[in-house]
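Each chain, letter by letter, is given below.
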Amino acid sequence: MGNRLSRIYTRTGDDGSTGLGDGSRVAKDAARVNAFGTLDEANSALGVLLAVALPDDVRALLTTVQHQLFDLGGELCIPGHAAIQAADVDALERQLDHFNADLPALKEFILPGGGEAAARCHLARAIVRRAERETVTLARQEPVRAEALHYLNRLSDLLFVLARVLARADGHGEVLWQHTRRHG
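Analysis parameters
- All residue numbers refer to position in the chain's written sequence, counted from 1.
- Residue-level local features of this predicted model are given only where pLDDT is at least 70; pairs of side-chain atoms are given and counted only at 80 or more, and the full residue set underlies all totals for whole chains, interfaces and linings.
- Side-chain numbers here rest on the full set of heavy atoms in the structure, without hydrogens or water.
- Secondary structure follows DSSP: runs of H or I at least 4 residues long count as helices, runs of E at least 2 residues long count as strands, and numbering of each begins at the N terminus.
- Only protein chains enter the accessibility calculation, which uses a 1.4 Å probe; a residue whose area is less than 20% of its type maximum is buried, one above 50% is exposed, and one in between is partly exposed.
- Any two residues having at least one pair of non-hydrogen atoms within 4.5 Å are treated as being in contact.
- Shrake-Rupley sampling with a 1.4 Å probe provides the accessible areas, and residues are treated as covered by the protein chains on show and by no other component.
- Multiply 1.5 Å by the residue count of a helix minus one, and that product is the helix's expected span.
- Directions from the helix axis toward the C-beta atoms define the arc.
- Within a predicted model, pLDDT stands for the predictor's per-residue confidence, ranging from 0 to 100.
- In the sections that follow, a salt bridge refers to a side-chain nitrogen of Lys or Arg positioned within 4 Å of a carboxyl oxygen of Asp or Glu.
- Structural elements are reduced to axes, namely lines fitted to C-alpha atoms, with helices fitted over the stretch in contact, and the angle between N-to-C directions of any two is expressed from 0 to 180 degrees.
- In this scheme, roughly parallel covers angles under 35 degrees and roughly antiparallel covers those over 145, while 65 to 115 is roughly perpendicular and the rest are oblique.
- The hand of a helix crossing depends on one turn: near helix anticlockwise from the far one by less than a right angle means left-handed, and clockwise means right-handed.
- Throughout, the ten residues Ala, Val, Leu, Ile, Met, Phe, Trp, Tyr, Cys and Pro are labelled nonpolar, Asp, Glu, Lys and Arg are labelled charged, and all others, Gly among them, are labelled polar.
- Buried Ala, Val, Leu, Ile, Met, Phe, Trp, Tyr and Cys residues that are joined via side-chain atoms within 4.5 Å together make up what is termed a nonpolar core.
- Pairs of N or O atoms within 3.5 Å make up the polar contacts considered here, provided that, within protein, one atom can donate a hydrogen while the other can accept it, and that residues adjacent in sequence are counted only when both atoms are side-chain atoms.

**Student:** Describe the overall build of the protein chain, naming the residues involved and giving the relevant values.
**Tutor:** Secondary structure summary: the protein chain contains 5 helices and 4 strands in total. Reading the protein chain from its N terminus to its C terminus gives the helix and strand order β-β-α-α-α-β-α-α-β. Counting only residues that meet the buried cut, the protein chain has 36% of its 184 residues in that class. Contacts in the protein chain between residues at least 24 apart in sequence constitute 72% of all its contacts with a sequence separation of at least 6. Split by element, the accessible area of the protein chain, about 10,700 Å² in all, is 52% carbon and sulfur.

**Student:** How would you sum up helix 3 (residues 86-100)? Please name residues and give values.
**Tutor:** Residue pairs spaced three or four apart in an α-helix point in one direction, given the helix's 3.6 residues per turn. When the terminal C-alpha atoms of helix 3 are compared, their 21 Å separation across 15 residues agrees well with the 21 Å that a helix rising 1.5 Å per residue should span. Here helix 3 has its buried residues at Asp 88, Val 89, Leu 92, Leu 96 and Phe 99. Axial view of helix 3: buried residues confined to an arc of 100 degrees, hence all on one face. In this structure, helix 3 carries Arg 94 and Asp 97 as exposed residues pointing more than 90 degrees from its buried face. Taken together, the buried residues of helix 3 touch helix 2 (56-77) and helix 5 (146-169).

**Student:** How would you explain the confidence of the model for the protein chain if you had to name every residue and give the values?
**Tutor:** With 84% of its residues at a pLDDT of 70 or more, the protein chain shows a mean pLDDT of 88. Across the protein chain, element-level confidence peaks in helix 3 with a mean pLDDT of 98 and bottoms out in strand 1 (residues 17-19) with 63.

**Student:** I'd like to hear about the environment of Asp 157, residue by residue, with values.
**Tutor:** Inspection of the secondary structure assignment puts Asp 157 in helix 5. Those residues in contact with Asp 157 that sit more than four places away from it in its chain are Leu 96 and Arg 129.

**Student:** Please set out the pattern of salt bridges residue by residue, giving values where relevant.
**Tutor:** For the structure on display, the rule yields 8 salt bridges. Linking Glu 116 and Arg 120 is a salt bridge whose minimum nitrogen-to-oxygen distance equals 2.3 Å. Of the two residues, Glu 116 and Arg 120 are both situated in helix 4 (residues 116-141); the distance of 4 residues between them amounts to about one turn of the helix. Residue class for Glu 116 comes out partly exposed when judged on its relative accessible area of 47%. Taken together, the salt bridges that share partners define one network made up of Glu 75, Arg 145 and Glu 147.

**Student:** Break down the side chain of Thr 135 for me, with residues and values.
**Tutor:** Turning to its location among the elements, Thr 135 is positioned in helix 4. According to the relative accessible area criterion, Thr 135 is buried, its value standing at 0%.

**Student:** Now, about the packing of helix 1 (residues 31-50) against helix 4: what can you tell me, with residues and values included?
**Tutor:** Here helix 1 crosses helix 4 at 165 degrees, and the two axes come no closer than 8 Å. In terms of axis orientation, helix 1 runs roughly antiparallel to helix 4. Considering how the two elements wind past one another, helix 1 and helix 4 form a crossing that is left-handed. Residues of the contact of helix 1 with helix 4, tallied by class, amount to 15 nonpolar, 5 polar and 5 charged.

**Student:** Summarise helix 4; cite the residues concerned and give the values.
**Tutor:** Here helix 4 contains 26 residues, and its C-alpha end-to-end distance of 38 Å stays within 8% of the 38 Å for a straight helix at 1.5 Å per residue. Of the positions making up helix 4, those classed as buried are Ala 117, Ala 118, Cys 121, His 122, Ala 124, Arg 125, Ile 127, Val 128, Ala 131, Glu 132, Thr 135 and Leu 138. Buried residues along helix 4 sit against helix 1, helix 2, strand 3 (110-111) and helix 5.

**Student:** Give a detailed account of the nonpolar core, specifying residues and quantitative values.
**Tutor:** With 47 residues, the main nonpolar core has Leu 49, Leu 62, Leu 69, Tyr 151, Leu 155, Leu 159 and Leu 162 as its most contacted residues. Mapped by element, the contributors of at least two residues to this core are helix 1, helix 2, helix 3, helix 4 and helix 5.

**Student:** Could you give me a rundown of the side chain of Glu 132, with the residues and numbers involved?
**Tutor:** With respect to the helices and strands, the residue Glu 132 is situated in helix 4. A residue is classified by how much of its surface remains accessible, and Glu 132, at 13% relative accessible area, is buried. Within polar-contact distance, the side chain of Glu 132 engages the side chain of Asn 153 at 2.9 Å. Those residues in contact with Glu 132 that sit more than four places away from it in its chain are Leu 149, Leu 152, Asn 153 and Ser 156.

The structure is reproduced here in structure tokens:
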């Protein structure tokens, strides 16, 4: 592969536009750009999570997810391109079932936290949820493959489950939301 980024700045975006993968130009605040930009943010949050100690199986899974998020960003950057498949969604569901199997049922909401790794995972989950919302906004305006939306929905669920797993692995446990607390 050749040198893709021989020069970082191009000045072509100085007018508030950006290039899509198909060569077309759109406003930097277009729904499509917001969607794949937030995927980049989510991928970066996963990188921050991967910078701390994690169980090997979680690390391997999150690294795979990072590649898939990059692929999905490419799918959204190139109108009509397909990168995420139903098999990718199915694989997330299998991982969800695997990691959720040993967790106790939740009877209350939990607060984001539970140690450094779990807190980073919760942050990544929240960013993936925003990416999902922005992709839904895009889908109301332009065609978006259902697999992209399904993938983001399952991924945020998986990150929630992984945050619970990581909170337990770190020995911090989960902080339950106290809906009956007093305000004073």
